[in-house]
Structures are given as structure tokens and as C-alpha cells.
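Structural overview
Here's the letter readout for the chains.
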Amino acid sequence: METQSNLNYNRIASAIEYIQHHFKEQPNLDEVAEKIHLSPAHFQRLFTDWAGTSPKKFLQYISLQYAKKLLDDNKELTLFDAAYHTGLSSSSRLHDLFINIEGMTPAEYKNGGQFLKINYRYADSPFGPIIIASTVKGVCYIAFESNEAKAFTDLQAKFPNALFQQRDDDLQQNALSIFQNDWSALSQIKLHLKGTDFQLRVWESLLKIPMGKLATYGTIAEQIGNPKAARAVGTAVGSNPIAFLIPCHRIIQSSGITGGYMWGPTRKTAIIGWESAKTQQEL
């Protein structure tokens with residue numbers, strides 16, 4: 001059964017899709033509301049409650065011009081420097097100052113998670129349903145997926161030889177608190193990731209992109225000391241196993257175009273706009 005929060009997100013996603021596809025027509029509030037079968041007043045209230053800003057302002061945050069400006073503003077700064085310029089006392093502070101990443105052992109990596117015991121649960125987020133899984137060492141998987149059976153099948157495919165139990169734990173709860181902008185548990189967030197050394201370096205660099213900011217594949221390649229590896233970085237970004245928390249959604253093309261996303265381009269656009277709105281509220 002669909003929860004109210006998921007229903008609300010689906011309506012917001014439909015509105016975002018409509019706005020993007022009809023941008024040149026500059027649809028007004030009434031037109032967008034009609035397309036998602038809500039009254040203008042209800043749509044305005046729902047959108048503002050979800051995004052923290054008006055549909056019109058949100059559209060600015062997801063526009064090509066806005067994305068280009070964010071990239072241009074950051075050209076003279078490293079990702080690490082840029083993070084400090086956003087103010088570490090705010091919710092846009094550097095995640096990697098608090099989140100600890102541990103790579104799985106070669107045996108765990110090669111043997112499909114053999115002997116690993118993995119807890120998993122389903123939860124809601126501002127961007128739709130998710131599945132989250134954890135070992136005793138940390139969260140190993142987060143993915144957006146509305147179909148619970150498919151979500152579990154995808155998790156099993158990542159760790160075909162692990163032992164699974166549908167169970168909540170503190171590691172999961174600490175990670176889920178991020179969706180509520182509760183940053184008090186950041187120091188307790190631990191990730192236990194299955195990846196190559198190169199992938200781990202890329203994922204760690206993604207954590208240095210501040211909330212409300214964007215970066216390119218080339219920028220990440222430079223950050224890890226391999227400026228010619230932009231294509232390989234793209235592959236590593238595309239295999240990120242931790243949705244939202246490791247912010248691969250903040251990577252866009254150098255042209256300012258949002259580009260693809262494992263969990264759908266509309267969701268990526270929604271997250272970028274939502275984070276921009278939250279960051280602007282703090283200024």
C-alpha cells in the first residue's frame with residue numbers, strides 16, 4: 001500500500017517531469033496543478049511543504065543556467081575548499097568529516113559476501129521508497145525502489161552468498177536520519193562497501209561535494225589525482241551502492257546538463273533541486 005509521503009513524492013515527480021518537458025512553454029501554476037490532478041492551492045501547498053520553496057523558485061534551481069553557475073563558481077576551488085566555504089555549521093557540511101568508509105575484504109568482495117550477515121529493511125524517503133541494508137560493520141547498500149520484491153532481489157544480486165535477515169538496526173537508523181536533516185548522528189554513520197580501490201576513492205571524493213553544490217566527472221578525476229580518468233570515474237559513479245548518502249546525484253556533465261542516474265533522471269533532478277532549496281534556506 002502506497003504511503004502518503006510516497007504519494008506526495010510521486011505527484012511532485014510528475015510535476016517536475018511536466019515542467020521539464022514543457023519548459024519552453026513556461027507553464028503556470030494552474031497548468032501544472034491540472035496535469036497532476038490537484039487544485040492550484042493544494043499543489044502550491046504540497047510542493048512548498050516538500051521542497052521548502054515555491055514551484056517557480058524550484059524551477060530556477062533545476063535549470064541549466066543555475067547548474068552552469070554552480071560549476072562556474074567552483075572552478076577556482078577544490079571540492080574540499082568549496083565545502084568549507086559553505087559553512088560546516090550548516091547541513092551542507094562535509095559528509096566525509098563524519099562518515100567512515102570501510103572496504104570489504106578481498107574474500108568478501110570476491111565470494112559474493114560469503115559468511116556476511118546482512119540486515120535489511122524498507123523505508124520511506126522524500127524521494128520515494130528505499131531499501132537499506134547493513135552488516136555488523138556498516139551500511140552496505142541503499143537503493144530507491146518502490147517494488148519491495150525487486151528491491152530485495154537487487155540486493156541479493158550484490159551479495160549472492162550472504163545471509164539475509166529483515167531486521168532494523170542502529171546503523172540503518174543513523175543513516176536514515178539524513179533524510180530528515182538530522183545531522184546529530186553523522187559521526188555514527190559507517191559504511192561497509194564492496195568496491196575496488198579505485199571505486200572507493202571515487203566514492204570518498206563524492207562525499208566532499210557539499211550539499212547544494214555540483215561537480216563534474218572531470219573534477220572528481222582531478223581530485224583523485226588521475227585527471228585523464230573521467231570515463232572511469234563515470235563508471236565508478238554509476239556503480240555507487242549507497243543512494244543519496246554518497247551523493248552521486250551531485251555529478252553532472254560539464255555542459256551543465258544533469259545527465260543520467262541509476263535511480264532515474266527525474267529523481268536526480270528532484271534531489272538536486274531539493275538540496276538547493278534547503279541550502280538557500282540556510283543563507
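Structure shown above.
Residues numbered from 1 in each chain as written. Predicted model: local features only at pLDDT ≥ 70, side-chain atom pairs only at ≥ 80, totals over all residues. Heavy atoms only, no water.

Among the surface-exposed residues, E25, D30, E31 and E34 lie close enough to one another that they form a single negatively charged patch. Take D30: it is sitting in helix 2 (residues 29-35). (Patch = residues over 30% accessible without salt bridge, like charges linked within 9 Å, V, L, I, M, F, W, Y side chains within 5 Å. Areas by Shrake-Rupley, 256 points an atom, 1.4 Å probe, with all protein chains shown as cover. Salt bridge = Lys/Arg side-chain N within 4 Å of Asp/Glu carboxyl O. Lys, Arg positive; Asp, Glu negative; His and termini not counted. Charge placed at Lys NZ, Arg CZ, Asp CG, Glu CD. Helix = DSSP H or I, 4+ residues; strand = E, 2+ residues; numbered from the N terminus.)

What follows concerns the side chain of T135. Residue position: T135 is located in the loop between strand 3 (130-134) and strand 4 (139-144). Of the residues examined, T135 reaches a relative accessible area of 5% and is grouped as buried. A polar side-chain atom of T135 sits 3.1 Å from the main-chain amide nitrogen of K137. In this structure the side chain of T135 is engaged in a polar contact, spanning 2.7 Å, whose partner is the side chain of H192. In contact with T135, other than residues within four places in its own chain, are M104, L116, K117, I118, C140, L171 and H192. (Buried < 20%, exposed > 50% of the residue type's maximum accessible area, 1.4 Å probe, protein only. Polar contact = N/O pair within 3.5 Å; in protein donor to acceptor, adjacent residues only side chain to side chain. Contact = heavy atoms within 4.5 Å.)

In this structure, W50, F127, F144, L191, L206 and L245 are the most contacted members of the largest nonpolar core, which totals 76 residues. A per-element tally of this core places helix 1 (residues 4-21) first, with seven residues. (Core = buried A, V, L, I, M, F, W, Y, C linked by side-chain atoms within 4.5 Å.)

Attention now goes to the pairing of strand 2 (residues 117-123). Where burial is concerned, most of strand 2 is hidden: six out of the seven residues are buried. Across four bridges, the pairing between strand 2 and strand 5 (residues 163-166) is parallel. When the bridges of strand 5 are listed, K117 appears paired with L163. With five bridges connecting them, strand 2 and strand 3 associate as antiparallel partners. Paired with A123 across the strands is I130, a residue of strand 3. If you look at the hairpin formed by strand 2 and strand 3, you'll find six residues sitting between the two strands, and G128 has a positive phi there, around 105°. (Pairing = 2+ DSSP bridges.)

In this structure the tally under the stated criterion is 18 aromatic pairs. A ring pair is formed by F127 and F144, whose centres lie 6.5 Å apart and whose planes are at 90°; its orientation type is edge-to-face. Of the two residues, F127 sits in the loop between strand 2 and strand 3 while F144 sits in strand 4, which places them 17 residues apart along the sequence. Assessed through its relative accessible area of 0%, F127 is described here as buried. Between F244 and W274, the aromatic rings sit 6.3 Å apart at their centres with planes inclined by 65°, giving edge-to-face as the arrangement. On the criterion of sequence distance, the pair formed by F244 in the loop between helix 12 (230-238) and helix 13 (265-282) and W274 in helix 13 is long-range, its members being 30 residues apart. (Phe/Tyr/Trp six-rings, centres within 6.5 Å; stacked < 30°, edge-to-face > 60°.)

Here the focus is the pattern of salt bridges. Should their charged atoms come close, side chains of opposite charge can pair. Per the counting criterion, the structure on display carries five salt bridges. Where E145 meets K150, a salt bridge forms, and the shortest distance between an N and an O atom there is 3.8 Å. Between E275 and R250 there is a salt bridge, and its shortest N-O distance comes to 2.8 Å. With E275 in helix 13 and R250 in the loop between helix 12 and helix 13, this residue pair connects regions lying 25 residues apart in the sequence. Per residue, the accessibility class of E275 equals that of R250, and both read buried. Connected through salt bridges with shared partners, the residues E145, K150 and D154 form a single ionic network.

Further remarks concern helix 1. Helix length check: helix 1, at 18 residues, gives a terminal C-alpha distance of 26 Å against a target of 26 Å (1.5 Å per residue), a fit within 8%. The set of residues buried in helix 1 consists of N6, N8, Y9, I12, A13, A15, I16, Y18 and I19. (Expected span 1.5 Å × (residues − 1).)

Take the environment of R267 next. For R267, the position within the fold is in helix 13. The spacing of R267 and A13 is 254 residues in sequence and 7.1 Å in space, taken between C-alpha atoms. Discounting chain neighbours no more than four positions away, the residues touching R267 are Y9, F127, G128, F144 and Y261.

We now examine the packing of helix 1 against helix 3 (residues 40-51). Remark: helix 1 packs on helix 3, axes separated minimally by 10 Å, with the N-to-C direction vectors making an angle of 105°. Regarding the angle of helix 1 to helix 3, the classification is roughly perpendicular. Every residue of helix 3 that contacts helix 1 at N8, Y9, R11, I12 and A15 is listed here: H42, F43, L46, F47 and W50. Here the residues of the contact of helix 1 with helix 3 sort into seven nonpolar, two polar and one charged. (Axes fitted to C-alpha atoms, helices over the stretch in contact; angles between N-to-C directions. Parallel < 35°, antiparallel > 145°, perpendicular 65-115°, else oblique. Nonpolar A, V, L, I, M, F, W, Y, C, P; charged D, E, K, R; others polar.)

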